[in-house]
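Listed below are the residues making up each chain.
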Amino acid sequence: MCAGGLMTATAARADDVSAGNAPPLRFVSYNICGNMCTAAKGYDDRRRIDTVVDEATAGTWGADQIFLQEVCRPQYDAIEKKLAPLGFHGLYTATLPGRGATAGEEAVCGGADYGMAVLAKGPVTETKVLDLTVGGENEPIRSPCVKNYVQSRVNWACSVHLYWESGDTRRKAEARKLAAQAAEWQNAGIPVVLGGDFNDQPRSASLSAFYDTGIGDGGQGAFLEADETDKDRFATVCAPSRSRCRSGDATFGKRKIDYLFLSSRDFKGVKADVLPLDTKVSDHRLLRGAAYWADCGPLDPWTGTVLRRDAAGGLFRYAGRPGGTVTGACKVGTGWNTMRLAARDGNTVIAADEAGALWRYPADPDTGTYSGDTRVQVSSGWQTMNTLLAPGDFSGDGRPDVIGRDADGDLWLYRGSADGGYASPVKIGNRWQIYTALVAPGDFTGDGRPDLIGRDAAGDLWLYKGDGSGGYAPRQKIGNGWQTYTALTGPGDLDGDGRPDLAGRDEAGDLWFYQGDGKGGYSPRKKIGNGYPKGELIL
């Protein structure tokens, strides 16, 4: 059942990977030795449970998926109960029934079931338990899998524990069965993550079934492994000039036998960290992994985009595609629930916090993400405003401006300054409180000047053509029935035809696209997404 008895070793040197600098998709694999590592041997079950739960908290690691091996059912139940308020759902599968101690045999989990588990943050739409047993093993080899939405994208995630006997050929056959099932999912266009105790070292024949062919070390599979980029572990195995290697930090004694495999077509930028051995929890070290979705990264500033802030403060980007559809979600920030107002200006996000400070967040040129480490305060006094717009160069001086609306309905223009900040506000309108939503769509009329759009309580849509010098023409009605939307946004040129568009979220959380015609009008709406909950900020 365990890969071996308690082993002590020098604590693994942690890689430079933390919750603050790791890619946004986060994973944990941990063989918690829940049966063999008992209180009688000095282990602490409460600490074991709390250690796993802590990996899901944002301040520690913020795991999206957790893969556990050698788990007693009461341990799993306690972990699942604590993770449920964080949005986790799990699947447990027993590999041995519980039993009490008998002559010649130790007890199993104090009489409770013993097995495997996977826990995933987000909705689970399907579950499956893979039987990887090939014959002759002294306990079934099973793998619990969930199909779930991790950061708004679907994937299959499986917890793995291959056979543990040293040099056993059955392990290779089990690996082939697992890789074959994963290939079916991948061929159907579904990303796959496998986490667990594979009981073999990186360059073994059984692990060749997972490492992708591009690694150049005899890989025959279609996966990246989270720790394959850790050059401190290349040693004599791979040249330091390489970017990937079938190697990694030790997770059990002096060997690496625990892994996080991510389908190479769907993920990129993998990183990992093996934590020091906690001799009160397990004889394995906890493995963290992180990655980006393969299609996430920096964007051209002119690419149309929808940004969404979820209830937990995560910021997600949905980039436009031809036809007006959007890509899958890319997580580009955390901690955004501290911001009261926000607007997008190309690849930059402008946001006002509760204290009224206005911040500019530039996109990271390598990842497209936004960080508090690089933000710059550009204004103050925004606690009086209930709307923030980033219309571009509204005043015609060549610098991007921002516009705020206060509680009295007055509209204020903040002209961009040469130092990257904003000049003192100038009042450019009143009675704008009649609008339940305001949008800065860019040059919606095709005259080279940014415009403004407002929706009133009756659902009528009104266009204000910018005059290029900080003012605007009298309004003209361009639509009705827009009261159906709980949020409106100007995503820029979402479909790539060179004209700004509009988008709205309805009560059901569906996202609708309106193709701008470049003359102040738009085409009939088209549904381009769902799962944008009411109450979340859309910009």
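No experiment lies behind these values; they were computed from the predicted model shown. By convention here, each chain's residues receive numbers from 1 onward along its written sequence. Totals for whole chains, interfaces and linings use all residues, but because this is a predicted model, local features are given only for residues with pLDDT of at least 70 and pairs of side-chain atoms are given and counted only at 80 or more. Calculated side-chain values reflect all of the structure's heavy atoms, with hydrogen atoms and water omitted.

Novice: How would you sum up the pattern of salt bridges? Please name residues and give values.
Specialist: For side chains bearing opposite charge, pairing can occur when the charged atoms are close. By salt bridge we mean one thing: a side-chain nitrogen of Lys or Arg within 4 Å of a carboxyl oxygen of Asp or Glu. Throughout the structure, instances matching the rule amount to 24 salt bridges. A salt bridge links D200 to R171, with the nearest nitrogen and oxygen atoms 3.0 Å apart. Within this pair, whereas D200 is found in the loop between strand 8 (192-197) and strand 9 (223-225), its partner R171 is found in helix 3 (residues 169-187), the two being separated by 29 residues in sequence. The classification of residues rests on relative accessible area computed with a 1.4 Å probe and restricted to protein chains. Under 20% of the type maximum is buried, over 50% is exposed, and intermediate values are partly exposed. Assessed through its relative accessible area of 3%, R171 is described here as buried. With its nearest N and O atoms 2.4 Å apart, the salt bridge here joins R244 to E228. Separated by 16 residues along the polypeptide, R244 in the loop between strand 9 and strand 10 (258-263) and E228 in the loop between strand 9 and strand 10 bring together distant segments of the chain. Residue classification places E228 among the buried positions, given a relative accessible area of 1%. Salt bridges here are not isolated pairs; linked through shared partners, they connect R203, D217 and R242. Only DSSP runs of H or I reaching four residues or more are called helices, and only runs of E reaching two or more are called strands; each is numbered from the N terminus.

Novice: If you had to explain the state of the cysteines to someone new, which residues and values would you point to?
Specialist: Disulfides are defined as pairs of cysteine sulfur atoms found within 2.5 Å of each other. Taken as a whole and judged by the stated rule, the model has five disulfides. Each disulfide pairs two cysteine sulfurs, and for C238 the partner residue is C245, the sulfurs being separated by 2.0 Å. On the sign convention where negative means left-handed, the S-S torsion of about 80° between C238 and C245 marks this disulfide as right-handed. We classify C245 as buried; its relative accessible area is 0%. Disulfide partner of C296: C330, at an S-S distance of 1.9 Å. On the S-S bond that ties C296 to C330, the torsion sits near -90°, and the link is left-handed. Of the two residues, C296 sits in the loop between strand 12 (287-293) and strand 13 (305-309) while C330 sits in strand 15 (residues 330-333), which places them 34 residues apart along the sequence. Classification of C296 as buried rests on a relative accessible area of 8%.

Novice: Report on helix 3, specifying residues and quantitative values.
Specialist: Because each turn of an α-helix spans 3.6 residues, side chains separated by three or four positions end up pointing in the same direction. Between the first and last C-alpha of helix 3 there are 27 Å, a value that for 19 residues agrees with the 27 Å anticipated at 1.5 Å per step. Among all positions in helix 3, only R171, E174, A175, L178, A179, Q181, A182, W185 and Q186 are buried. Seen end-on, helix 3 carries its buried residues on one side only, within an arc spanning 165°. Exposed side chains of helix 3 directed beyond 90 degrees from the buried face belong to T169, E184 and N187. Residue contacts are defined here by distance: any two heavy atoms, one from each residue, within 4.5 Å place the two residues in contact. Buried residues in helix 3 make contact with strand 5 (124-131), strand 6 (142-150), strand 7 (153-161), strand 8, strand 9 and strand 10. G189 lies just past helix 3 and shows a positive phi near 85°. Helix span, as expected, comes to 1.5 Å for every residue beyond the first. What the arc covers is the set of directions going from the helix axis to the C-beta atoms.

Novice: Could you give an account of the sheet that holds strand 2 (residues 65-72), with specific residues and numbers?
Specialist: Strands qualify as paired when DSSP identifies two bridges or more between them. Overall, mixed pairing links the six strands, which are arranged 3-4-2-1-12-11 in an open sheet. Each edge of the sheet is formed by a strand with only one pairing partner; in this case those strands are strand 3 (88-96) and strand 11 (267-274). Averaged over all pairs of adjacent strands, the angle between their axes in this sheet comes to 15°, without regard to strand direction. Relative to strand 2, strand 1 (residues 25-31) is paired through five bridges, and the arrangement is parallel. Bridging from a neighbouring strand, F27 pairs with Q65 of strand 2. An axis is simply a line fitted to the C-alpha atoms; with a helix, the fit covers only the stretch in contact. Between two such axes, the angle follows the N-to-C directions and lies from 0 to 180 degrees.

Novice: Describe the sheet that holds strand 24 (residues 435-442), listing the residues and the values that go with them.
Specialist: Pairing in this open sheet of four strands is antiparallel, and the strands run 24-25-26-27 from one edge to the other. Since the sheet does not close on itself, it has two edges, and those belong to strand 24 and strand 27 (476-479), each with one partner. Adjacent strand axes in the sheet meet at a mean angle of 30° when their direction is disregarded. Summarising the sheet, strand 26 (residues 461-464) and strand 27 pair through three bridges and their orientation is antiparallel. What sits directly across from W462, in strand 27, is K477.

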